[in-house]
Amino acid sequence: MAASGFRYINSSKDNDEGDTESRCIYTVSKIISEGRVREKIRKYVNKGFKLVNLKLGYYPFWLVIFKVEIQRFIFKPLTMIVPVTVDGITGKAEISYFKIKDESEIDGIERIEVSERQKLNPSISLDEALERARDILNFYITTRAIPKRMKVEILKTIVLHRPYWIALLKAEDSKEDKKIIVVNAISGEVMEMEGEEYNG
C-alpha cells in the first residue's frame, strides 16, 4: 500500500525555524475536496475519536513514458505509447492510468509548491525504476502481441507525487490512543495506518 510510507507531522511545528523550506513538485491537478474527506472519516469520529488535524501529503513515484514500435509476424506494424509508474518507495511497477498526449505530454498534471514536510522523496533510483519499468512493459507487450522485432524508446522520465489526505484522530477518553487515516486524494480510498510513527 503506497501510503504506508507516511509519517504524520504535527502542524503546530510547521512554522518552527528551519521548517519553512518549500519545493516544487509535479502532482495530479484534480483531487477530492476536504469536505468529502471529512465525510469519509466520519465513521471513525463517531466511534469515540475526534479529528485533530487534516492535511495533504505527497507520495513519490517515477513515471516512465515509453514509445514502442512492434514488427509483427502477420499483422501490420504497431506503435504504442505506454506510461509506466514505479512506486518511489517500494519499487512496484504497473501500467499507468495517465493519459498521454503528443507522445510525452501528461494530461492532468500540474507543478505546485509545497512544504518540504509535506512530501516524501523517492528512495528508488532512476536506474532501478527504469529496470522495473522495462520488466512490466515487456510483460504488458507480450500479453497483447507476439513481436517479431520490437524497438523501445524512452520519451520521458519524471518524478510525480500522488496526493493523499492525512488525518490525525485522537480518542476522546485517552490522550495516548491515536489513529492515522489516509485518504487517497485521487480515488477516495480510505486506509487506516497501524503502528505508524507520530511525530508531534
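Quick caveat, the model's predicted, so the values are computed rather than measured.

**Description of the overall build of the chain**
Helix and strand counts for the chain stand at 3 helices and 12 strands. Across the 200 residues in the chain, those meeting the buried criterion constitute 39%. Sequence-distant contacts in the chain: of pairs separated by 6 or more residues, those separated by 24 or more amount to 73%. Just so you have it, the chain exposes about 11600 Å², and 44% of that area is on carbon and sulfur atoms.

**What about the packing of aromatic side chains?**
Two numbers describe a pair of aromatic rings. These are the distance of the centres and the angle of the planes. With the rule as written, the count across this model stands at 3 aromatic pairs. A connected cluster of aromatic rings, assembled from ring pairs, spans Phe 61, Tyr 97 and Phe 98. Arg 162 extends its terminal NZ or CZ atom over the ring of Phe 61, reaching a point 4.2 Å from the ring centre.

**Structural notes on the environment of Lys 156**
Mapped onto the elements, Lys 156 comes out in strand β9 (residues 147–171). Residues Lys 156 and Ile 106, 50 residues apart in the sequence, show an inter-C-alpha distance of 9.9 Å.

**A look at the environment of Arg 38**
Mapped onto the elements, Arg 38 comes out in helix α1 (residues 34–40). Accessibility expressed as a relative area gives 41% for Arg 38, which makes it partly exposed. Separated by 16 residues in the primary sequence, Arg 38 and Leu 54 place their C-alpha atoms 8.8 Å from one another. Polar side-chain contacts of Arg 38 include one of 2.9 Å to the side chain of Glu 34.

**Observations concerning helix α3 (residues 126–142)**
Here α3 is 17 residues long and its end C-alpha atoms lie 24 Å apart, about the 24 Å a rise of 1.5 Å per residue gives. The complete set of buried residues in α3 reads Ala 129, Leu 130, Ala 133, Leu 137, Tyr 140 and Ile 141. Down the axis of α3, the buried set is contained in an arc of 95 degrees. They therefore lie on one face. With respect to the buried face of α3, the exposed residues turned more than 90 degrees away are Asp 127, Glu 131 and Phe 139.

**Points about the pattern of salt bridges**
Evaluation of the coordinates by the stated rule reveals 5 salt bridges. In this structure, Arg 23 and Glu 116 form a salt bridge, with 3.5 Å as the shortest nitrogen-oxygen distance. In this pair, Arg 23 sits in strand β2 (residues 22–28) while Glu 116 sits in the loop between β8 (109–115) and α3, placing the two residues 93 residues apart along the sequence. We classify Glu 116 as partly exposed; its relative accessible area is 27%.

**A few points about the pairing of strand β11 (residues 190–193)**
The side-chain alternation of β11 yields one buried face, formed by Met 191 and Met 193, and one unburied face, formed by Val 190 and Glu 192. For strand β10 (residues 178–184) and β11, the ladder comprises 4 bridges, and the chain directions are antiparallel. The residue of β11 that forms the bridge with Ile 181 is Glu 192. The turn linking β10 back onto β11 is made up of 5 residues, and Gly 188 within it adopts a positive phi angle of 85 degrees.

So, how was this worked out
- Residues numbered from 1 in each chain as written.
- Predicted model: local features only at pLDDT ≥ 70, side-chain atom pairs only at ≥ 80, totals over all residues.
- Heavy atoms only, no water.
- Helix = DSSP H or I, 4+ residues; strand = E, 2+ residues; numbered from the N terminus.
- Buried < 20%, exposed > 50% of the residue type's maximum accessible area, 1.4 Å probe, protein only.
- Contact = heavy atoms within 4.5 Å.
- Areas by Shrake-Rupley, 256 points an atom, 1.4 Å probe, with all protein chains shown as cover.
- Phe/Tyr/Trp six-rings, centres within 6.5 Å; stacked < 30°, edge-to-face > 60°.
- Lys NZ or Arg CZ within 6 Å of the ring centre and 35° of its normal.
- Polar contact = N/O pair within 3.5 Å; in protein donor to acceptor, adjacent residues only side chain to side chain.
- Expected span 1.5 Å × (residues − 1).
- Arc of directions from axis to C-beta.
- Salt bridge = Lys/Arg side-chain N within 4 Å of Asp/Glu carboxyl O.
- Pairing = 2+ DSSP bridges.

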